[in-house]
Amino acid sequence: MNATKELMEVEKNNIDNEEITSPLPTKFNLDDWSDDHFLFLQHLKSCKSSNKKRNLSYITAKRQPITATMTREVPLIHSVPLTGAHYDNDNKIVYQKLRTWLTNHCIPMEHICEFAATENGRAANQALENYFDGPGEIKKQLVKARAAYSHLFYKSEPTHTYSIRARALCPSPPL
């Protein structure tokens, strides 16, 4: 009985779901995955869930122990149950947004295609994170950083100031 009421509420909320949200991120750079993924997660924070009590970021949030140093929002997100009609609907919405984001940038869907039948947004996001932030990718980034660092040479303050060297070590992202 409760499940039926919940499903009816989800359907009603889907009809009324004309919210103002931030647009999907317009860029996707395979070399700078973390920044682009962060923008996608920020987009999910601006989208309301099907019961309009929270944002969609609870679907992709990693579960971690609640500590006293967390902000007020984090324990609320982690206390949301990952079951029920609202969760199922929100999970499908996240999957559809993730698929749209990847499709708009011609990124192969091979990493999330196994979740297409169930439209499991949480699992698809985790699969993408494992692919782009997995052990092989971290090693590749370390090799690139070591190669860039080995070619830097500090001559003297007048010719190569600290600010120039710092910029060479940590280039600012393009605008």
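Residues numbered from 1 in each chain as written. Predicted model: local features only at pLDDT ≥ 70, side-chain atom pairs only at ≥ 80, totals over all residues. Heavy atoms only, no water.

**Let's talk about the pattern of salt bridges**
Once the charged atoms of two side chains with opposite charge are near each other, the side chains can pair. Across all of its chains, the model carries 2 salt bridges by this definition. Of the charged contacts in the structure, one is a salt bridge between Lys62 and Glu129, with a shortest N-O distance of 3.1 Å. With Lys62 in the loop between α3 (57-60) and α4 (73-78) and Glu129 in helix α6 (residues 121-132), this residue pair connects regions lying 67 residues apart in the sequence. Relative accessible area serves as the criterion here: at 56%, Lys62 is assigned to the exposed category. (Salt bridge = Lys/Arg side-chain N within 4 Å of Asp/Glu carboxyl O. Helix = DSSP H or I, 4+ residues; strand = E, 2+ residues; numbered from the N terminus. Buried < 20%, exposed > 50% of the residue type's maximum accessible area, 1.4 Å probe, protein only.)

**Quick look at the side chain of Thr60**
Within the secondary structure layout, Thr60 lies in helix α3. When sequence neighbours within four positions are dropped, the list of residues in contact with Thr60 reads Leu41, Leu44, Val94, Arg122 and Asn125. (Contact = heavy atoms within 4.5 Å.)

**Considering unusual backbone geometry**
Located in the positive-phi region is Lys52, a residue other than glycine, with phi close to 60 degrees. For Lys52, the location among the structural elements is in the loop between α2 (33-46) and α3. Backbone geometry places Glu119, a non-glycine residue, at a positive phi of 50 degrees.

**What to know about the environment of Ser46**
Mapped onto the elements of the fold, Ser46 is located in helix α2. When its relative accessible area of 27% is taken as the criterion, Ser46 is described as partly exposed. Along the backbone, Ser46 and Leu56 are 10 residues apart, and their C-alpha atoms lie at a distance of 7.7 Å. One polar contact links the side chain of Ser46 to the main-chain carbonyl oxygen of His43, over a distance of 2.7 Å. (Polar contact = N/O pair within 3.5 Å; in protein donor to acceptor, adjacent residues only side chain to side chain.)

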